Amino acid sequence: METRIEERPGSAASAALRGAALSYRALFTWLNPLGYLSSRIVRPIGMAIAFISLSTYYGANAGRMLVASSLLAGAGAVVYGMALSIGNERSFGTLGIWLAAPQNKLASVCQRALPHIVDGFVGGLCTYLVCCLLYTTLPMGLPEFAGLLAVGVLTTAGFGLSLSALALVVEDLFVGPNMAELVLMVLSGTLVPQDRLPGFLVPVSEAMPLTHVMDAVERSLAGRPHGSALLVELLVGAAWFVVSVLFLHLAVRRASARAELGHA
């Protein structure tokens, strides 16, 4: 007698979300109320206060820096989360199992990215709201900022995918995300306006996530429409995704070969 198993609509999507949630719970040692509060809420808000205070001390506009710091808070959560979602497999001694598992590695990494995209959005939004209350200012409406933040964390995820690949071949877990966060701070037009950069770094800045979101922010604060800034930002994110997919493919092959040699 033949038994037919029918897949219910949405079962694949629910399984993907369940897998993403399980990897998020399993791979992060800070996933407890105090650890989450300190690393995902208090730290980015503290950094934002420091940046805003410094900028206003030197006469810069508080509104621009408030928005920029909140965008960085969201991007930072994505960058660190995607790097550690693979890097912690090495720390916990399960990287070989993950490499040997019969699964699509790109799909697995993208699945693990989902909680960090949501996490980045929530963290960036919390930073924005708290800083707006502290500085009694609202540089732009909440719906507009939420839309810009959503685009920013999404394009940063394309960049973060390359850090997931890097974690397969570099043993120090924090080299990739630490350098990436520094690059975003300097070259994305958030903390350092693009027109203040040395000329040879401007083309590099154009290729970084958040740069064109910040262009849209500056246009909005000046009372002008966003223009094509968000479309260009999405294209930058797509380009990073394509490059990161190729890098991930090479990193998986190299890491698998090293794992096989280690067990030989």
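Chains are numbered independently. Their residues run from 1 in the order of the written sequence. For a predicted model such as this one, the threshold for reporting local features is a pLDDT of at least 70, and the threshold for listing and counting side-chain atom pairs is 80 or more; totals across whole chains, interfaces and linings nevertheless cover every residue. Computation of side-chain values: all heavy atoms of the structure, hydrogens and water removed.

1. Here we look at helix H6 (residues 142–169)
Basically, it comes down to this: Helix and strand definitions here come from DSSP, where helices need a minimum of 4 consecutive H or I residues and strands a minimum of 2 consecutive E residues; each element is numbered from the N-terminal end. What a helix is expected to span follows from its residue count: subtract one and scale by 1.5 Å. Throughout, the bend at a residue refers to the angle made by two axes, fitted to the seven residues ending there and to the seven starting there. Relative accessible area decides the class of each residue, using a 1.4 Å probe on protein chains only: under 20% of the type maximum gives buried, over 50% gives exposed, and in between gives partly exposed.
Between the first and last C-alpha of H6 there are 40 Å, a value that for 28 residues agrees with the 40 Å anticipated at 1.5 Å per step. When the local axis directions of H6 are compared, the greatest deviation, roughly 30 degrees, occurs at Gly 158. Judged by how many residues are buried, H6 sits mostly within the fold: 21 of 28 residues are covered.

2. Quick look at helix H5 (residues 105–134)
Owing to its 3.6 residues per turn, the α-helix brings residues three or four apart onto one side. Note the cut-off: Polar contact criterion, stated in full: a pair of N or O atoms within 3.5 Å, where within protein one must be able to donate a hydrogen and the other to accept it, and residues adjacent in sequence count only if both atoms are side-chain atoms.
An ideal rise of 1.5 Å per residue puts 44 Å on 30 residues; H5 measures up with 43 Å between its terminal C-alpha atoms. Largest kink in H5: about 30 degrees, centred on Leu 114, with the proline Pro 115 one to four residues after it. Capping the start of H5 is the job of one residue whose side-chain oxygen sits 3.0 Å from the backbone nitrogen of Leu 106: Asn 104. Once H5 finishes, Thr 136 follows within two positions and takes phi at roughly 45 degrees, a positive value.

3. Description of a nonpolar patch on the surface
Short version of the rule: Candidate patch residues must exceed 30% relative accessible area and have no salt bridge, after which like charges are joined if within 9 Å and Val, Leu, Ile, Met, Phe, Trp or Tyr side chains if within 5 Å. Exposure was quantified through the Shrake-Rupley algorithm and a 1.4 Å probe, taking into account, for residues, occlusion by the shown protein chains and nothing else. Whenever a carboxyl oxygen of Asp or Glu lies within 4 Å of a side-chain nitrogen of Lys or Arg, that contact is scored as a salt bridge.
Together, Val 175, Met 179, Leu 182 and Val 186 give the surface a local cluster of nonpolar side chains, amounting to about 330 Å² of exposed area. Mapped onto the secondary structure, Val 175 falls in helix H7 (residues 175–187). Classification of Val 175 as partly exposed rests on a relative accessible area of 39%.

4. Things to note about the pattern of salt bridges
Counted under the stated rule, the structure contains 5 salt bridges. Of the charged contacts, one joins Asp 119 and Arg 40 as a salt bridge, the two residues approaching to 3.1 Å between their closest N and O atoms. A residue pair is termed long-range when its members are at least 10 positions apart, and Asp 119 in helix H5 and Arg 40 in helix H2 (residues 33–57) qualify at 79 residues. Just as Asp 119 is buried, Arg 40 falls in that class too.

5. Quick notes on the packing of H6 against helix H9 (residues 211–221)
Formally: Interaxial angle, 0 to 180 degrees, is taken between N-to-C directions of lines fitted to C-alpha atoms, where a helix line uses only the stretch in contact. Any angle that is under 35 degrees is reported as roughly parallel, and any over 145 degrees as roughly antiparallel; angles of 65 to 115 degrees are reported as roughly perpendicular and all others as oblique. Helix crossings fall into two classes, left-handed where the near helix is turned counterclockwise from the far one by less than a right angle and right-handed where it is turned clockwise. Contacts were defined at the residue level, with two residues in contact if any of their heavy atoms lie within 4.5 Å.
The geometry of H6 relative to H9 is characterised by a closest axis approach of 10 Å and an angle of 165 degrees between their N-to-C directions. With respect to H9, the element H6 is oriented roughly antiparallel. Crossing geometry of H6 relative to H9 is assigned as right-handed. Contact residues: H6 offers Glu 144, Leu 148, Val 151 and Gly 152, while H9 offers Val 213, Ala 216, Val 217 and Ser 220.

6. Some thoughts on the nonpolar core
Within soluble globular proteins, side chains that are nonpolar generally end up buried alongside one another. Note the following rule: Within this scheme, the nonpolar core is defined by two criteria: the residues are buried Ala, Val, Leu, Ile, Met, Phe, Trp, Tyr or Cys, and they are joined through side-chain atoms within 4.5 Å.
Formed by 56 residues in total, the largest nonpolar core has its most connected members in Leu 71, Phe 145, Leu 168 and Val 217. Here this core takes 14 residues from H6, the largest share from any one element. The next biggest cluster of nonpolar side chains, apart from the first, holds 5 residues, and it includes Tyr 24, Phe 28, Leu 84 and Leu 173.

7. Structural notes on the confidence of the model for the protein
Note the following rule: Residue-level confidence of the predictor is summarised by pLDDT, bounded by 0 at the bottom and 100 at the top.
Of all residues in the protein, 93% have pLDDT values of 70 or greater, and the mean over the chain is 89. Per-element confidence in the protein is highest for H9, whose mean pLDDT is 96, and lowest for helix H1 (residues 11–27), whose mean pLDDT is 75. Low pLDDT (under 50) marks residues 1–7, which in the prediction has 1 contact with non-local residues, meaning those over four places away or in another chain.

8. Comments concerning the environment of Glu 171
Within the secondary structure, Glu 171 is located in the loop between H6 and H7. Note on Glu 171: relative accessible area 56%, which makes it exposed. For Glu 171 and Ala 238, which are 67 residues apart along the polypeptide, the C-alpha to C-alpha distance reads 27 Å. Discounting residues that sit within four places of it in the chain, Glu 171 has contacts with Arg 90 and Arg 258.

9. Focus: the environment of Val 204
Along the polypeptide, Val 204 turns up in helix H8 (residues 202–206). For Val 204, a relative accessible area of 37% puts it in the partly exposed group. Residues Val 204 and Leu 134, spaced 70 residues apart in sequence, show a C-alpha to C-alpha distance of 34 Å.

10. Overview of the packing of aromatic side chains
Inclusion rule: Ring pairs are drawn from Phe, Tyr and Trp, using the six-membered ring of Trp, whenever the two centres fall within 6.5 Å, and their geometry is named by plane angle: stacked under 30 degrees, edge-to-face over 60, tilted for the rest. The rule is short: NZ of Lys or CZ of Arg within 6 Å of the ring centre and within 35 degrees of the ring normal puts a charge over the ring.
Tallied over the entire structure, the rule returns 3 aromatic pairs. Taking the centre distance of 4.8 Å and the plane angle of 80 degrees together, the rings of Phe 159 and Trp 240 count as edge-to-face. Separated by 81 residues along the polypeptide, Phe 159 in helix H6 and Trp 240 in helix H10 (residues 229–263) bring together distant segments of the chain. Overall, the relative accessible area of 7% leaves Phe 159 in the buried class. Classification of Trp 240 by relative accessible area gives partly exposed; the value is 21%. Taking NZ or CZ as reference, Lys 105 lies 5.8 Å from the ring centre of Trp 98, over its face.

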